[in-house]
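Survey of secondary and tertiary structure
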Amino acid sequence: ARIASVSGKLTVRVLRQGPVRLQPAEAQRLGCPAGAGAHGREVILLADGVPVVYARSVLQAVHARGTWKAIRGLGSRSLADLLFGQPAARRSGFEFARFAPGSGVAATVHRRWRDATGTDWGRREVWARCSVFTRRGAPLLVTECFAPTIAAFDAPQRARAVPWRAPTPRPSSGQP
C-alpha cells in the first residue's frame, strides 16, 4: 500500500506459482515439518515500471486448496488485494532481516531478480521483512525483499525497524 501511495502505478509480475520446497525457516514460521507439501508464489513488484520488490509467499499445500484457495487464482493481482480484503485474517508483527552477501537467500534473490529483470540487484546484501497472516488457523508467510531501487520512491512515512518476537502468552489474571 505504501509503495502504491508514492508511485503512479503498481504492477505485479508473477515469476513462479505452484508447489515449492519450504526453507527450514519458512517451515518453522508456518509451524509445519520442513518436508510438508507447500504452495508458493514468487513475484516482482514494479512501481511506475521500476522493479522494487521481490516477494515470496508460502503456505502448506492443504491450505492452498482450502482456507487460502484464492491465492491460486490471483494471477497478476497483488496479494494485498486478497490479504486486506479478508477481515478474518490476522497479521503478525514484522520480522526484519539482512541477508549477508553469499548467503543462500541472497544468492536466490539475486538469481531470481536477474532472471526476471535482466538487471543486477544493486547491492550484495538483501534487506527483507516477513510476516505471517493467519486465517481460520491457516498461516500464510509473506517475505518481501526490498531492492535498492526502492529508495527512489520517497515514502511520506517510514516504517520503524523492530525485531520480530513471537507473541508471549499473557498471564492469566483469574478473571473472565
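Worth saying up front: this structure is predicted, and the values here are computed from it rather than measured.

**Describing the nonpolar core**
Formed by 13 residues in total, the largest nonpolar core has its most connected members in Trp68, Ile71, Leu79, Leu83 and Leu140. If you list the elements that add at least two residues to this core, you get helix H4 (79-83) and strand S7 (138-146). Those residues in contact with Ile71 that lie beyond four places of it in its chain are Gln17, His39, Arg41, Leu59, Leu79, Leu82 and Leu140.

**Observations regarding helix H5 (residues 104-117)**
Its 14 residues place the ends of H5 20 Å apart at the C-alpha level, agreeing with the 20 Å of an ideal helix rising 1.5 Å per residue. Restricting attention to buried positions, one finds in H5 the residues Ala106, Val109, His110, Arg112 and Trp113. Each element contacted by the buried residues of H5 is listed here: strand S1 (10-20), strand S2 (38-47), strand S3 (50-60), strand S5 (95-99), strand S6 (126-135) and S7. Positive backbone phi, at 80°, marks Gly118, one or two positions downstream of H5.

**A word on the environment of Arg124**
Position of Arg124 relative to the elements: it lies in the loop between H5 and S6. Arg124 sits 14 residues away from His110 along the chain, and the two C-alpha atoms are 8.4 Å apart. In contact with Arg124, other than residues within four places in its own chain, are Pro101, Ala106 and His110.

**Description of the environment of Leu79**
Tracing the backbone through its elements, the reader meets Leu79 in helix H4. For Leu79, a relative accessible area of 10% gives the class buried. For the pair Leu79 and Ser57, spaced 22 residues apart in the sequence, the C-alpha separation amounts to 8.8 Å. Apart from residues no more than four positions distant in its own chain, Leu79 is found in contact with Arg41, Ser57, Ile71, Leu74, Leu140 and Val142.

**Thoughts on the pairing of S7**
For S7, a buried count of eight out of nine residues is recorded, marking the element as mostly surrounded by other parts of the structure. Note that S3 and S7 share six bridges and pair antiparallel. The partner of Arg56 across the bridge, within S7, is Thr143. Here S6 pairs with S7 via nine bridges, running antiparallel. Each residue of the ladder has a partner; that of Arg129, found in S7, is Glu144. Where S6 folds back on S7, the antiparallel hairpin that results is connected by two residues, among which Arg136 adopts a positive phi of roughly 50°.

How each quantity is defined
- Residues numbered from 1 in each chain as written.
- Predicted model: local features only at pLDDT ≥ 70, side-chain atom pairs only at ≥ 80, totals over all residues.
- Heavy atoms only, no water.
- Core = buried A, V, L, I, M, F, W, Y, C linked by side-chain atoms within 4.5 Å.
- Buried < 20%, exposed > 50% of the residue type's maximum accessible area, 1.4 Å probe, protein only.
- Helix = DSSP H or I, 4+ residues; strand = E, 2+ residues; numbered from the N terminus.
- Contact = heavy atoms within 4.5 Å.
- Expected span 1.5 Å × (residues − 1).
- Pairing = 2+ DSSP bridges.

These figures come from the coordinates and say nothing about function on their own.
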